[in-house]
Amino acid sequence: MNYSVLIQNRKSVRAFTDKKVPTVALEDLKAYYQTAVKRLLPELQTELLNFGLEAREALEGAAGYHQFLVGAPQYLVLLSEVHPLAHINAGYIMEDLILKLTDMDIASCWLTFTRSQDVKKALGIDSHLEVVALAAFGFERKSAKRLKLNFNSMSQVDISAKHRYMEPKRSIADLAFLDTWGNCQNLQEYIGFYDDMLWESLYAASLAPSYLNRQAYGFLLRNGSISLISRPDLYNTPIDRDLSLGIVLHHFTEVAQHWAGKLCWQFGDMPLELPNGHRHIATAALGHCSQYCTTACKF
Ligand SMILES: Cc1cc2nc3c(=O)[nH]c(=O)nc-3n(C[C@H](O)[C@H](O)[C@H](O)COP(=O)(O)O)c2cc1C
């Protein structure tokens, strides 16, 4: 898949036609998940479940922004074993599936949820694994105007028809810093040094979907490495924050790897000088990895 192109074409769709997603497309998606889906932690056990229209009513109250569940003909539910990085891994996997759907001309929208038990109960899921990610998908109901959500806060999400096409997102200059957090001086020259690779990857990261479009993260470039940093955010729940981190990591990584070979992310603490509330998530060396390794080298 050409991730750069798919990432630019993806958008959250909240109005779907009644047209059923063909069985062959559902089978393609299942086969893709089983054989080719991109994972951050391949060793973590996960399972993908697919529900039809019946899930729409069942999920009311258990998923979606305050009093607004995206009604769609199909829903994807990702289950995972419990692990400190389970939701970051889930963000990575589900975003890969969403981009696969984009490749198949099928529209989608991420869905928030608060409690795995509520979703399991609503959908009658009997599994030792926990619900870690949800998405709605189907065929977009085309309209001259697009349903847009205005995010004031989680409890104040207004739905209105707007002519705007994409949610406004952070620019690269507001997403990536050089040497110290907040420093943009010489950033353009540094990015230029890595030629198209760094610019394209950061651009892809800037287009990542995130909970309430908060984009509560950023990148720090220093000493030939890149670190993903979580920014403090009042509105993010821990689950949505981690899913959004997994998604942005996916966008950056899958585009960068096209140019630079395998990126090896190292998770855990790192002594960086960051403002209050900011947290180091993972660091990877830029350029070719000296050896093949699983993407997440260590926790
Ligand atoms: C973890 C997560 C949960 C989300 N939950 C919902 C949701 O419940 N309902 C909804 O309409 N959009 C939801 N979204 C979609 C975001 O609102 C959307 O990604 C953001 O507004 C940016 O718009 P875009 O995806 O079109 O670029 C969610 C996104 C993420 C990453």
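Residues numbered from 1 in each chain as written. Predicted model: local features only at pLDDT ≥ 70, side-chain atom pairs only at ≥ 80, totals over all residues. Heavy atoms only, no water.

A few points about the packing of helix α4 (residues 86-103) against helix α8 (residues 238-260)
α8 packs onto α4 with a crossing angle of 55° between their chain directions and a minimal axis gap of 7 Å. If you check the angle between α4 and α8, you find them oblique. The two elements α4 and α8 meet at a crossing, and its hand is right-handed. For the pair α4 and α8, the contacting residues are H87, I88, A90, G91, Y92, E95, D96 and L99 in the first and I239, D242, L243, L245, G246, I247, L249, H250, H251, T253 and E254 in the second. The class makeup of the residues in the contact of α4 with α8 is nine nonpolar, six polar and four charged. (Axes fitted to C-alpha atoms, helices over the stretch in contact; angles between N-to-C directions. Helix = DSSP H or I, 4+ residues; strand = E, 2+ residues; numbered from the N terminus. Parallel < 35°, antiparallel > 145°, perpendicular 65-115°, else oblique. Left-handed = near helix turned anticlockwise from the far one by under 90°. Contact = heavy atoms within 4.5 Å. Nonpolar A, V, L, I, M, F, W, Y, C, P; charged D, E, K, R; others polar.)

Remarks on the site of the ligand
Taken together, 24 residues sit near the ligand, with R10, S12, R14, Y65 and K169 positioned nearest. Here an oxygen atom of the ligand and a side-chain polar atom of Y65 are 2.7 Å apart. At a separation of 3.4 Å, a nitrogen atom of the ligand approaches a polar backbone atom of W110. Isolated, the ligand exposes 620 Å² of accessible area, and the fraction of that covered by the protein chains is 100%. For the shell around the ligand, the elements supplying multiple residues, two or more each, are β3 (107-111), β5 (146-153) and α8. If one sorts the elements of the shell around the ligand by residue count, α8 sits on top with four residues. Taken domain by domain, the shell around the ligand gets at least three of its residues from each of domain 1 (3-138) and domain 2 (172-298). (Near = heavy atom within 4 Å. Polar contact = N/O pair within 3.5 Å; in protein donor to acceptor, adjacent residues only side chain to side chain. Areas by Shrake-Rupley, 256 points an atom, 1.4 Å probe, with all protein chains shown as cover. Domains from an automatic or database assignment.)

Some words on empty space enclosed by the protein
In total, this model carries two cavities of 30 Å³ or more according to the counting rule given. Estimated volume of the second largest cavity: approximately 30 Å³. Lining of the second largest cavity is provided by S210, Y211, R214, Q215, A216, Y217, N236, R241 and S244. (1 Å grid on protein atoms, 1.4 Å probe; cavity = no way out; pocket = protein on both sides within 12 Å on 5 of 7 lines; lining within 4 Å. Points joined across faces, edges and corners; volume = space filled by probe spheres on them.)

Observations concerning the packing of aromatic side chains
Each aromatic ring pair is characterised by the separation of its centres together with the angle its planes make. Under the criterion given, the structure shown has five aromatic pairs. Taken together, a centroid distance of 5.7 Å and an interplanar angle of 65° make the contact between Y65 and Y211 edge-to-face. Of the two residues, Y65 is situated in the loop between α3 (54-59) and β2 (74-80) and Y211 in the loop between α7 (196-206) and β8 (217-222); the sequence distance between them amounts to 146 residues. According to the relative accessible area criterion, Y65 is buried, its value standing at 13%. On the basis of an interplanar angle of 15° and a centroid distance of 5.1 Å, the ring pair of W199 and Y203 is categorised as stacked. (Phe/Tyr/Trp six-rings, centres within 6.5 Å; stacked < 30°, edge-to-face > 60°. Buried < 20%, exposed > 50% of the residue type's maximum accessible area, 1.4 Å probe, protein only.)

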